[in-house]
Amino acid sequence: MIVVNDLCKSFDGRLVLDSITATFEKGKTNLIIGQSGSGKTVLLKCIVGLHEIDGGVIFYNDTRFDNLDFNQKKKIRQKIGMLFQGAALFDSATVEENVMFPLDMFTEMTHEEKLERVNFCLKRVNILNSNHLYPAEISGGMKKRVAIARAIALNPEFLFCDEPNSGLDPKTAVVIDQLIKEITEEYNITTIINTHDMNSVMGIGDKVIFIHQGKKWWEGSKDNILDSDNKELNEFVFSTELTRKIKGL
Amino acid sequence: MKLLSAIELFGEYILLLKKVFSKPEKRKVYYQQTLKEIEKLGLQSVGIVTIISVFMGAVITLQTAYNMENPFIPTYLIGLGTRDSMLLEFSSTVIGLILAGKVGSNIASEIGTMRVTEQIDALEIMGINSASYLILPKIVATVFFNPFLSILSMIVGITGGWLVGVFTGVVSTQEYLDGVQYAFIPFYITYALIKTVVFAFLITTISAFYGYRVQGGSLEVGRASTQAVVMSSIFILLFNLILTQLLLS
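Residues numbered from 1 in each chain as written. Chains lettered and ligands numbered in written order. Predicted model: local features only at pLDDT ≥ 70, side-chain atom pairs only at ≥ 80, totals over all residues.

*Asks:* Would you mind going over the overall build of chain A in detail, with residue names and values included?
*Replies:* Across its full length, chain A holds 10 helices and 10 strands. The C-alpha radius of gyration computed for chain A amounts to 18 Å, which stays within 12% of the reference 18 Å derived for 249 residues, consistent with globular compactness. Summarising its shape, the C-alpha atoms of chain A cover approximately 55 × 45 × 30 Å along the three principal directions. Counting across all 249 residues of chain A, residues that qualify as buried make up 41%. If you take every contact in chain A between residues at least 6 apart in sequence, the share linking residues at least 24 apart comes to 67%. (Helix = DSSP H or I, 4+ residues; strand = E, 2+ residues; numbered from the N terminus. Rg over C-alpha atoms; globule rule 2.2 N^0.38 Å. Buried ≥ 20, exposed ≤ 12 C-beta atoms within 10 Å, placed from the backbone. Contact = placed C-beta atoms within 7 Å.)

*Asks:* I'd like to hear about the overall build of chain B, residue by residue, with values.
*Replies:* If you tally the helices and strands in chain B, you get nine helices and zero strands. Order of helices (α) and strands (β) in chain B, N terminus to C terminus: α-α-α-α-α-α-α-α-α. Its C-alpha atoms put chain B at 70 × 45 × 35 Å along the principal axes. Counting across all 249 residues of chain B, residues that qualify as buried make up 43%.

*Asks:* How would you summarise the sheet that holds strand S5 (residues 63-64) of chain A if you had to cite specific residues and measurements?
*Replies:* All names here are of chain A. The sheet built from four strands is open, its strands ordered S2-S1-S4-S5 with antiparallel pairing. Edge positions in the sheet fall to strand S2 (14-24) and S5, since each has one partner strand and no second. Note that strand S1 (residues 2-11) and S2 share seven bridges and pair antiparallel. If you follow Val-3 over to S2, its bridge partner there is Thr-23. (Pairing = 2+ DSSP bridges.)

*Asks:* Explain the interface of chain B and chain A to me, and be specific about the residues and the numbers.
*Replies:* Across the contact, 13 residues belong to chain B and 14 residues belong to chain A. Per-element accounting of the side of chain B that touches chain A gives the leading share, five residues, to helix H5 (residues 119-125) of chain B. Residue composition of the side of chain B that touches chain A, grouped by class: five nonpolar, three polar and five charged. (Nonpolar A, V, L, I, M, F, W, Y, C, P; charged D, E, K, R; others polar.)

*Asks:* An account of the sheet that holds strand S7 (residues 158-162) of chain A is needed here, citing residue identities and associated values.
*Replies:* Pairing between the strands of a sheet is mediated by backbone hydrogen bonds and can be parallel or antiparallel. All names here are of chain A. With mixed pairing, six strands are arranged side by side in an open sheet as S6-S7-S8-S3-S9-S10. Both outer strands of the open sheet, strand S6 (80-83) and strand S10 (215-220), are each paired with one neighbouring strand and no more. Going from strand to strand, the sheet's axes swing by 20° on average, the running direction of each strand aside. (Axes fitted to C-alpha atoms, helices over the stretch in contact; angles between N-to-C directions.)

*Asks:* Give me the lowdown on the domain arrangement of chain A, citing residues and values where you can.
*Replies:* Residues and elements named next belong to chain A. With domains assigned, chain A is organised as domain 1 (1-79 + 157-169 + 184-220) and domain 2 (89-155). The distance between the C-alpha centroids of domain 1 and domain 2 comes to 25 Å. Contacts between domain 1 and domain 2 engage six residues on the former and seven residues on the latter. (Domains from an automatic or database assignment.)

*Asks:* Residue-level account of the pairing of S6 of chain A, with values.
*Replies:* All names here are of chain A. Because side chains alternate across S6, one face comprises the buried residues Ile-80 and Met-82, and the other comprises Gly-81 and Leu-83, equally buried. Here four bridges tie S6 to S7, and the two strands are oriented parallel to one another. Looking at S7, one finds that Ile-80 is bridged to Phe-158.

*Asks:* Describe the nonpolar core, and please don't skip the residues or the numbers.
*Replies:* Residues and elements named next belong to chain A. With 124 residues, the main nonpolar core has Leu-43, Ile-47, Met-82, Val-99, Ala-147, Ala-149 and Phe-160 as its most contacted residues. Inspection of this core shows a minimum of three residues originating in each of domain 1 (1-79 + 157-169 + 184-220) and domain 2 (89-155). Filtering out sequence-adjacent residues up to four positions away, Ala-147 remains in contact with Leu-83, Phe-84, Ala-87, Ala-88 and Leu-89. (Core = buried A, V, L, I, M, F, W, Y, C linked by C-beta atoms within 7 Å.)

*Asks:* Lay out the packing of helix H3 (residues 46-67) of chain B against helix H4 (residues 77-116) of chain B in plain terms, naming residues and giving numbers.
*Replies:* Residue and element names in this part refer to chain B. Where H3 meets H4, the closest approach of the two axes is 10 Å, and the angle between their N-to-C directions is 145°. Where H3 crosses over H4, the handedness of that crossing is right-handed. Residue-level contacts link Ile-48, Val-49, Ile-52, Met-56, Gly-57, Ile-60, Thr-61, Thr-64 and Ala-65 of H3 to Ile-78, Gly-81, Thr-82, Ser-85, Met-86, Phe-90, Ile-95, Ile-98 and Lys-102 of H4. Within the contact of H3 with H4, the residues separate by chemical class into 11 nonpolar, six polar and one charged. (Left-handed = near helix turned anticlockwise from the far one by under 90°.)

The following block contains the structure:
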């Protein structure tokens, strides 16, 4: 479980996150939604420690994370897997080397054991016979799946996904969403996903937090998002002609 | 204001170096990475160093020969002139400037691209000291291998001068070899190698620094690459002056 209390962050005097308080539950897919520029990526990067926060506290289970030094954070970070918007695979490494990388760095496994784990992770994300291809040689959807395989290689307790569906066709996007949900439930991971894709929200949103103008505007599940009377949330969710017609607006 | 920002930049550079020279996460992985960098930054520079050195040695020989109008000046001084030019300046400083262009832009653009495609963030999330993992193997590789490039440049340059001198008939083999051996000061080689090591360190760290602090996209990566080459070249020339005064005075 990850708990965030009163989190504030500003850049050059401009407040980007304003007193965000939220609990991200274990074994569930926790979605952060909001318009582009609303602050959701900054929130995610603050939670994983890529941005120093200006105020508030962040807890990973019972450990306060925000005031740890680099070496102390390292121990928690080894329990974190992250899927970046552009996959962030290492260009100079093959698919196999990318997934093996965290195992090389943090385990004392033999090469055979590592290879077995790599193949297990790649099979789990349905990537077969592509071990020796480079990221430039595979499709966007495959890159995302390899990035998920790399993220789960060390059996993480926490999984972060920044816009996992960006740049993907709707069918592949659903496959990636389902994969993240399955992995979350299978390994009982605390998963936080940043998205503005309403298909994702309605498909896998166990818990949804709506960020608007740097503030937490609404919180609920995918089941009650359609019935909400929150004006800003409705403007965001029902922003297309099709969804407006469905809602009867 | 410019002085202040220069001091700030220097401070950032020192802080980056502090991060680079911290304890490696896993020595074995760093060792393997260093071998890869020796191949990429060192061995792949052998060709350009050889070609430039052979032509420069040849040109120095011809220029010395065609400028020796006084019949009382012995012809063997052509060999001496070529040797000293190669040893004192060309094999260290000029090769350093050429490597600043080739290796420096390579390092800055590689690290800069990794920054803008979130690959560095991915390393940080895994709990890896990205500065140390990416930059330290490059420093070790160039500081270790560039002296070999410098020695190669000396040998090939002097050989090039001999070949062209004999081929064009401006000097005989015996006279050239007499000149190469005449009044030889072995410390000149030590002086050239000390300069090469310092230049290798400057090229790698300055280029890595500009690559590491890139923010934005491909345009900024290109700009960082140019800045890296320009600043590396300026500092090579500055340190050439300082080291010459310190070592030869």
